[in-house]
Amino acid sequence: MKTSEGRLHPFAAVLVSLQIVKGLIVPLLVILLSKHSRSGSGAPLYWQVGWGLVALAGSIVWGFLSWRRFRYEVSDEQLKVTQGVFVQKKTFIPLERIQSVDLTEGVLHRLFGLVRVEVQTAGGQKPEAVFPALARGDASRLRSMLEPGKAPQGQGQQTGVLSLSAEREPPKLRLTYKLPAGSLFVAALTTGGFGVSVSLLAAAMSKLGELFPDAQVYRYLWNALDAAMIPLFALGILLVAWMISTIAAVLKFANFTITRQENKLLLIRGMLERRQATVPLRRIQAIRIVEEPLWQLFGFSALYAETVGYGVQKGENAHLFPLLRNREIGEFVKRMTPQFEVPASLKLHTLPRRALWCYALPAPLVLALAAVAAGLIAPWAYAGLLLCPLVMIWQGWRYRSAGWSREGRMLVLRFRRLAKTTAVIPLSRVQSVSVEIGPLQRRLGLSTLRIAVASGGRGAFFRLAGVPEQEARELVRWYMDRNKR
C-alpha cells in the first residue's frame, strides 16, 4: 500500500513572497516615482517608502504562512492537498483522474536543487494541484506515486528529475526527437513572436509618460532627432523587438526534446527555466502543420497539437516540434502520434476556379470603400487605395494554398492566413461540422466549411472557405454517419 505525507521545501515561502512582490512592482514604482502635483498635494517621500515596506513585509509573512499551512498526502486512492492562509482549502484528486505530472525548474529552483510540480486531471483547464517547491528526491517520489505504471526512482536519481536518461524503459517504447542547434536558431530568427515583442515595446513606451510626467520624454526625443532620423529610430525599435523575440524563442525552445513513452509524450524544453510536460496521446484532438512564409522557401514546418483541457495558460501543449523539415514530418507523425498518420499518397482537392472571386474580391472592396469614406474627412486616407492590389495578391495566395481531403476516418484541411496551415483531424475527434453560405457563395455554388474539435477551454475551430456546396454536404453526411463505420 503506497502512502506518503509531506510538505513543501522551506524555500517555497520565498518563492510565494517573490511572486507577490512581482505583482506589486508596478504599483510600487508608480508610488515611489510620483511627485507632488501642481497644487502642492501629495504624499511625503517617507510615507511612500513606508507603504512600500509594509507591502514587502506583508508578502513575506504571507509566503511564510502559505508554506506552513501547505500539506499533501498520497494514498492508493487519491491525492489530498491542504492549503490556505485564512481559509483552509482541501483538494481531493482521485489517482485515476490524474493525466500528467509536469515538472519545472526555474533559475532559483536550480540554484537550490528544487522542482515545481503541477498535477493535471482529465477535465481540468488548469493544474488541479501546484507544488511551488519540492526537493528533487521528493518530486521524483511524488511523481512515481501519481503516474500509473511508473517505477519509483531511487535516491541516486535525484539530480536527474528532468533528465531523459533518468527513466528506464524498453527501447521499443522509447522514441526521441531532439531539436538541433541550427534548427533552433532558424526557428528563433523567424519566430512569430515578433508582433508580440512590438506590442510589448509599444505598451512600455506608452507608460513612460505616466511614470515621468514632468520629463516630457517624447518631446525631448522629437527635438533631439532630426526629421530624417525618425524612420531610422522606428527601424531601430523594430530591430530591438526582433532581437527580443529571437532571444525569447532561444530561451524557450533550447534543449527541446520530445519522447514517446507508450501512450504519452514527454516534452522537455528551456534554457533558464527547464520545463517537462506530459501529454497523453488520447488527449490530442488534432495536429496542425504550420509553414511560415520564410520557412516555405527552405522546406520547414512547425508541428502543433490541439489538446483538450491541458496547458491552457502557457500553451505547453501547442508545440510538438518547433521546426522540422517537411520530408521528415510523415515519419515523425508515424512514430510520435500514429493515430494522426496520413498516407503519403494523399492528394488534396484544390478549390474550384470560381472560388477565387470569394477570396480576391471582398477584402479589397471593403478596404477601398473604407479608404474612400475616410478620405472625405482626411485626404491622406486615400493612400489606403494603394494597398488594395497587395491585399488582392495576398488573398489570391490564400486561394492557391487552400484544399481539403478525407481518407478513411481522417479529414485534412489546408488553409492560409499568413502562414500555411494543414490540419489533420480524425473523424472521432470532430465535435461538430457546419456549413456557412454567404450571398456571393450562394450565387457561385460555394460554401465555408467549419470544423470544431475540443481543445483548451473554448475548443479549436478550422475554417475553409470556397468549398463546393455539394462537397461540403457530403462531408457533413460523412461526419453524421461516423457511428455506422
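Above this text you will find the structure in question.
Fair warning: this is a prediction, and the values are worked out from it, not measured in the lab.

Draft legend 1. Representation of the sheet that holds strand β15 (residues 349-350) within the structure. Strand order in the open sheet formed by 7 strands is β14-β13-β12-β18-β17-β16-β15, and the pairing between neighbours is antiparallel. Two strands in the sheet have a free side with no partner beyond their single neighbour: β14 (319-325) and β15. Inspection of the sheet shows strand β13 (residues 300-307) paired to β14 by 4 bridges, in the antiparallel sense. Within the sheet, the bridge partner assigned to L303 lies in β14 and is F321. Helix α13 (residues 388-401) rests against β16 (403-407), β17 (410-416) and β18 (420-426) of the sheet, and its axis sits at about 165° to β17.

Draft legend 2. Quick peek at helix α15 (residues 469-480). Taking 1.5 Å of rise per residue, the 12 residues of α15 would be expected to cover 16 Å, and the 17 Å separating its terminal C-alpha atoms lies within 8% of that figure. Looking only at α15, the buried set comprises A472, L475, W478 and Y479. The arc enclosing the buried residues of α15, seen along the axis, measures out at 115°, which places them on a common side. Residues of α15 that are buried make contact with β16, β17, β19 (430-436), β20 (446-453) and β21 (460-468).

Draft legend 3. Local environment of the nonpolar core. With 30 residues, the main nonpolar core has I258, L265, I284, L303, L320, F321 and F332 as its most contacted residues. Broken down by secondary-structure element, the contributors of at least two residues to this core are β8 (174-178), α5 (181-189), α8 (230-253), β10 (264-269), β12 (284-291), β13, β14 and α10 (326-336). Sort the elements by how many residues they give to this core and α10 lands first, with 4 residues. Ranked by size, the runner-up nonpolar core spans 29 residues in total, among them V433, L446, A460 and L475.

Draft legend 4. Molecular detail of the pairing of strand β3 (residues 78-83). Pairing of strand β2 (residues 71-74) with β3 involves 4 bridges; the strand directions are antiparallel. The residue of β3 that forms the bridge with E73 is K80. Counted along the chain from β2 to the antiparallel partner β3, the turn is 3 residues long. The pairing of β3 with strand β4 (residues 89-94) spans 6 bridges and is classified as antiparallel. The residue bridging K80 from the neighbouring strand is F92, located in β4. Between β3 and β4, which pair antiparallel and follow one another directly, the connecting turn spans 5 residues, one of which, G84, has a positive phi of 125°.

Draft legend 5. Representation of empty space enclosed by the protein within the structure. In the structure shown here, the tally under the stated rule is 3 cavities of 30 Å³ or more. By volume, the second largest cavity amounts to about 40 Å³. Mapped onto the lining of the second largest cavity, the elements with two or more residues apiece are β19, β20 and α15. Of the residues in the lining of the second largest cavity, the class split is 8 nonpolar, no polar and no charged.

Draft legend 6. Focus on the packing of helix α12 (residues 362-375) against α13. Put simply, α12 and α13 touch, their axes get as near as 8 Å, and they point 160° apart. By the criterion of interaxial angle, the relationship of α12 to α13 is roughly antiparallel. In this structure, α12 meets α13 at a crossing whose hand is right-handed. Here A363, P364, L367 and A368 of α12 come into contact with α13, specifically with C388, V391, M392 and Q395. Of the residues in the contact of α12 with α13, the class split is 7 nonpolar, 1 polar and no charged.

Draft legend 7. Broad picture of the sheet that holds strand β1 (residues 4-6). The strand order across the open sheet built from 4 strands is β1-β2-β3-β4, with neighbouring strands paired in antiparallel fashion. Where the open sheet ends on each side, the last strands, each with one partner, are β1 and β4. Strand-to-strand, the axes of this sheet are offset by a mean angle of 10°, without reference to chain direction. As paired elements, β1 and β2 share 3 bridges and run antiparallel to each other. Following the sheet pairing, E5 is matched in β2 by E73. Docked against the sheet, helix α4 (residues 136-146) engages β1, β2 and β3, running at close to 45° with respect to β2.

Draft legend 8. Spotlight on the environment of W397. Locating W397 in the fold gives a position in helix α13. Sequence separation between W397 and K420 is 23 residues, and the spatial gap between their C-alpha atoms is 9.9 Å. Residues within four places of W397 in sequence aside, it is in contact with P293, Q296 and R416.

Draft legend 9. Structural view of the packing of aromatic side chains. Per the stated rule, a full pass over the model turns up 12 aromatic pairs. Consider the rings of W62 and F86, whose centres lie 5.6 Å apart with planes at 65°: the pair is edge-to-face. With W62 in helix α2 (residues 45-68) and F86 in the loop between β3 and β4, this pair connects stretches of sequence that are 24 residues apart. By relative accessible area, which is 36% here, W62 ends up partly exposed. Between F256 and F321, the aromatic rings sit 5.6 Å apart at their centres with planes inclined by 85°, giving edge-to-face as the arrangement. Taken together, the residues span a long stretch of sequence, with F256 in the loop between α8 and β9 (257-261) and F321 in strand β14 at a distance of 65 residues. For the residue pair F256 and F321, the accessibility class agrees, reading buried in each case. Seen from the ring of W67, R7 lies directly overhead, with NZ or CZ sitting 4.5 Å from the centre. For R398, the ring lying beneath its charged end belongs to W394, and the centroid distance is 5.6 Å.

Each value, and the rule that gives it
- Within each chain, residue numbers correspond to sequence positions counted from 1 in written order.
- Two thresholds apply to this predicted model, a pLDDT of at least 70 for residue-level local features and 80 or more for giving and counting side-chain atom pairs, whereas whole-chain, interface and lining totals are computed over all residues.
- The side-chain numbers reported here are obtained from all heavy atoms of the structure, hydrogens and water having been left aside.
- Should DSSP find at least two bridges between two strands, the strands are regarded as paired.
- Each helix corresponds to a stretch of at least 4 residues labelled H or I by DSSP, and each strand to a stretch of at least 2 residues labelled E; elements are numbered beginning at the N terminus.
- Two residues qualify as a contact provided that any one of their heavy atoms is within 4.5 Å of a heavy atom in the partner residue.
- Fitted lines through C-alpha atoms serve as axes, helices being fitted only where they are in contact, and the angles separating the N-to-C directions of these axes extend from 0 to 180 degrees.
- By this rule the span expected of a helix is its residue count minus one, scaled by 1.5 Å.
- Remark: exposure states derive from per-residue accessible area (1.4 Å probe, protein chains only) relative to the maximum for the residue type, with buried under 20%, exposed over 50%, and partly exposed in between.
- It is the directions from the helix axis to the C-beta atoms that the arc portrays.
- By convention a nonpolar core is built from buried Ala, Val, Leu, Ile, Met, Phe, Trp, Tyr and Cys residues, the set being connected through side-chain atoms within 4.5 Å.
- Cavity: a set of points on a 1 Å grid over the protein atoms alone where a 1.4 Å probe fits but cannot get out. Pocket: an open set with protein on both sides within 12 Å along at least five of seven lines, its lining residues, like those of a cavity, having an atom within 4 Å of a point.
- Grid points are joined across faces, edges and corners, and a volume is the space filled by probe spheres set on the points.
- Gly is put with the polar residues, along with every residue not named as nonpolar or charged; the nonpolar set is Ala, Val, Leu, Ile, Met, Phe, Trp, Tyr, Cys and Pro, and the charged set is Asp, Glu, Lys and Arg.
- Angles are sorted into four bins: roughly parallel if under 35 degrees, roughly antiparallel if over 145, roughly perpendicular if 65 to 115, and oblique for all others.
- Note on convention: near helix rotated counterclockwise from far helix by under a right angle means a left-handed crossing. Clockwise means right-handed.
- Centres within 6.5 Å make a pair out of two Phe, Tyr or Trp rings, where for Trp the six-membered ring is used; the pair is then stacked when the planes are under 30 degrees apart, edge-to-face when over 60, and tilted otherwise.
- The criterion for a charge sitting over a ring is simple: Lys NZ or Arg CZ within 6 Å of the ring centre, and within 35 degrees of the ring normal.

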